[in-house]
Amino acid sequence: MEKEQPRWAEVFKIAMPLCLSYIPIGLACGILLNAAGFNPLLTALVSMLVFSGGAQFMIASMLTTSAPMHTILVMLFFLELRYALLGSSLSQYVRGTSKKFLYFFAVSLNDENYAVNYLKFATDKEWTPKDALMVEHYSLLFWTLANLIGSLIGNVIKIDLAIVDYALTALFLYMIVMQIKNKLTILTSLISAILAIVSMAVLKSTMGLVVATLIASLIGFAIEDTLVKKGHTKGFWLKRIKPKASRKVISR
Amino acid sequence: MTTTNHFILIILSMLVAFGPRFIPLRIFSTREIPQWFNEWMKYVPVSLFTALVVKDVFMNTKNYTFVGFDYMAKILASVIVVAIAYRSRSMGLSVVFGLVAVALLAMTFPL
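Conventions and cut-offs
Residues numbered from 1 in each chain as written. Chains lettered and ligands numbered in written order. Predicted model: local features only at pLDDT ≥ 70, side-chain atom pairs only at ≥ 80, totals over all residues. Heavy atoms only, no water. Helix = DSSP H or I, 4+ residues; strand = E, 2+ residues; numbered from the N terminus. Buried < 20%, exposed > 50% of the residue type's maximum accessible area, 1.4 Å probe, protein only. Contact = heavy atoms within 4.5 Å. Areas by Shrake-Rupley, 256 points an atom, 1.4 Å probe, with all protein chains shown as cover. Lys, Arg positive; Asp, Glu negative; His and termini not counted. Charge placed at Lys NZ, Arg CZ, Asp CG, Glu CD. UniProt positions renumbered as here; feature names shortened; annotations may be inferred. Core = buried A, V, L, I, M, F, W, Y, C linked by side-chain atoms within 4.5 Å. Domains from an automatic or database assignment. Phe/Tyr/Trp six-rings, centres within 6.5 Å; stacked < 30°, edge-to-face > 60°. Lys NZ or Arg CZ within 6 Å of the ring centre and 35° of its normal. Buried area = accessible area lost by both parts, 1.4 Å probe. Salt bridge = Lys/Arg side-chain N within 4 Å of Asp/Glu carboxyl O. Polar contact = N/O pair within 3.5 Å; in protein donor to acceptor, adjacent residues only side chain to side chain. Nonpolar A, V, L, I, M, F, W, Y, C, P; charged D, E, K, R; others polar. Expected span 1.5 Å × (residues − 1).

For this particular structure, what's the right way to read the overall build of chain A?
Of the regular secondary structure elements, chain A holds twelve helices and zero strands. Order of helices (α) and strands (β) in chain A, N terminus to C terminus: α-α-α-α-α-α-α-α-α-α-α-α. When burial is assessed residue by residue, chain A has 52% of its 252 residues classed as buried. Partitioning the contacts of chain A with sequence separation of at least 6, the portion at a separation of at least 24 is 76%. With an accessible surface of roughly 11700 Å², chain A has 69% of that area assigned to carbon and sulfur atoms. The centroid of the 24 positive side-chain charges in chain A is displaced by 7 Å from the centroid of its 14 negative side-chain charges.

Written as structure tokens, this is what we have:
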């Protein structure tokens, strides 16, 4: 028998890999926000209230190119729209909770704690909405602290921002890799890449991202639907790809 | 922009970020999600993240033109990140090695 641990410590252990990985990204984000003219207090505030790596990097880079506020907000809306999908896929697990709980849960939901919580809900029967909220709050704490420290570092030393900016791309690449389940996901990704180039070049704006996402995801969905109906669930496209390493890094 | 404007931007950003997170969670926690919707949603994150990566690596974001293989440092760093992510499945390692790789590669290749 293992020693009985308090629940907060057990949940913290599960959230730990996520919290640690927020440190480099949070530092990078804090540095960029500082360069965009946010003082450390505002950087901490935006980390707590918006709590989204993608959104904060985007605010920083759009402020440095002095984009008007409404343009920033429209872009943010499209970027944050993906949380609608994450939220609806988690909703089945937070049934029967109060409106107040959902409010708090939604405020600090983001890509990474979603990944941890979704996996825990799907595999661990003991996992409660309260645990999930705790994971969100741990990650929020680490994210905010890392941003704050990044903001302070940015004041002191000079760093090449184009390089720091790449942290976000690396983060998205990681999330793509974690999404790869079969060859059809890879195909969908390639379709999205081509559509993104074409639609951004045509629309001359980041609206192209939304167009590419919608069309590529619908194509992926349509192909899977067709394959399943034909009974090709174990075929070339849908056969599961097993990761080389164990999944324990994020799943435990 | 002034600090006051930044503060207003943060508050508005919070609202913009909150809507998409809260509304579907609220609706679908009392109603059944249609099966097709879930099946479709599976392909949304991978599509969006790919589009965002492509924007950074293959597009000039000032005038939205395709730059091909101009940003060689980012392209090579991305290959490294994918390999590390695939092997380690760790977000922290992927980002740290990605930053180191792009910093080193930027010395010899255009960023």
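There is more to say after this.
In this structure, what is going on with the UniProt feature "transmembrane region" (unreviewed entry) in chain B? I would like to understand it.
Residue and element names in this part refer to chain B. UniProt annotation of "transmembrane region" (unreviewed entry) refers to residues 6-28, 64-86 and 93-110 when read in the numbering used here. Annotated as residues 6-28, this span is 100% helix and 0% strand, and its ends, taken at the C-alpha atoms, are 34 Å apart. Along residues 64-86 the backbone is 65% helical and 9% strand, and the end-to-end C-alpha distance reaches 30 Å.

Sorry if this is basic, but what is going on with the nonpolar core here?
For soluble globular proteins, nonpolar side chains are generally found buried alongside one another. In terms of nonpolar packing, the biggest core is built from 98 residues, with Phe38(A), Phe57(A), Ile59(A), Ile72(A) and Phe105(A) touching the most fellow members. The leading source of residues in this core is helix α9 (residues 161-179) of chain A, at 14 residues. Shared between two domains, this core holds at least three residues of each, these being domain 1 (1-31) and domain 2 (43-108) of chain B. The next biggest cluster of nonpolar side chains, apart from the first, holds twelve residues, and it includes Leu184(A), Phe28(B), Ile33(B) and Trp40(B).

So what exactly am I meant to see when it comes to the packing of aromatic side chains here?
Geometrically, a pair of aromatic rings is defined through the distance of the ring centres and the angle of the planes. Applying the stated criterion to the full structure yields 20 aromatic pairs over all chains. On the basis of an interplanar angle of 40° and a centroid distance of 6.4 Å, the ring pair of Phe58(B) and Phe66(B) is categorised as tilted. Among the residues examined, Phe66(B) registers a relative accessible area of 47% and is labelled partly exposed. The ring of Tyr83(A) has Arg21(B) lying over it, and the distance from NZ or CZ to the ring centre is 4.4 Å. Lying across the ring of Tyr71(B), Lys74(B) places its NZ or CZ 5.2 Å from the centre.

Would you take a moment to explain the interface of chain A and chain B for this structure?
For interface size, the figure often reported is the accessible area lost on association. In this assembly, 96 residues from chain A lie in contact with 76 residues from chain B. For the chain A and chain B pair, buried surface summed over both sides reaches about 7800 Å², with 77% attributable to carbon and sulfur atoms. Across the chain A-chain B interface, the total number found is two salt bridges. If you look at where chain A meets chain B, you find 18 residue pairs in polar contact (both at pLDDT 80 or more). Counting residues per element, the side of chain A that touches chain B draws most heavily on α9(A), at 16 residues. The class makeup of the residues in the side of chain A that touches chain B is 64 nonpolar, 21 polar and eleven charged.

For this particular structure, what's the right way to read helix α10 (residues 183-203) of chain A?
Two residues of an α-helix separated by three or four positions point the same way, owing to the 3.6 residues in each turn. The terminal C-alpha atoms of α10(A), which comprises 21 residues, lie 30 Å apart, in line with the 30 Å expected from a rise of 1.5 Å per residue. Every buried residue belonging to α10(A) is among Leu184(A), Thr185(A), Thr188(A), Ser189(A), Ser192(A), Ala193(A), Ala196(A), Ile197(A), Ser199(A) and Met200(A), and all of these are buried. For α10(A), the elements touching its buried residues are α9 and α11 (207-229) of chain A together with α3 (44-58), β1 (59-60) and β2 (65-66) of chain B. Taking the backbone nitrogen of Leu184(A) as reference, a side-chain oxygen 3.2 Å away marks Asn182(A) as the first, capping residue of α10(A). One or two residues past the end of α10(A) sits Lys204(A), with phi positive at roughly 55°.

Explain the UniProt feature "transmembrane region" (unreviewed entry) in chain A to me, please; I cannot follow it from the model alone.
All names here are of chain A. UniProt tags residues 12-35, 148-177, 184-203 and 209-228 as "transmembrane region" (unreviewed entry). Across residues 184-203 one finds 100% helix and 0% strand; the C-alpha atoms that close the span lie 27 Å apart. Secondary structure content for residues 209-228 is 100% helix and 0% strand, and the end C-alpha separation is 28 Å.

What is the right way to read the environment of Phe97(B) from this model?
Residue and element names in this part refer to chain B. For Phe97, the position within the fold is in helix α5 (residues 91-105). Phe97 gets classed as partly exposed once you look at its relative accessible area, which sits at 43%. In this structure the C-alpha to C-alpha distance between Phe97 and Phe109, which are twelve residues apart in sequence, comes to 17 Å.

What should I look at first to understand the domain arrangement of chain B in this one?
Once the domains are mapped, chain B shows domain 1 (1-31) and domain 2 (43-108). Of note, the centres of domain 1 of chain B and domain 2 of chain B, computed from C-alpha atoms alone, are 28 Å apart.

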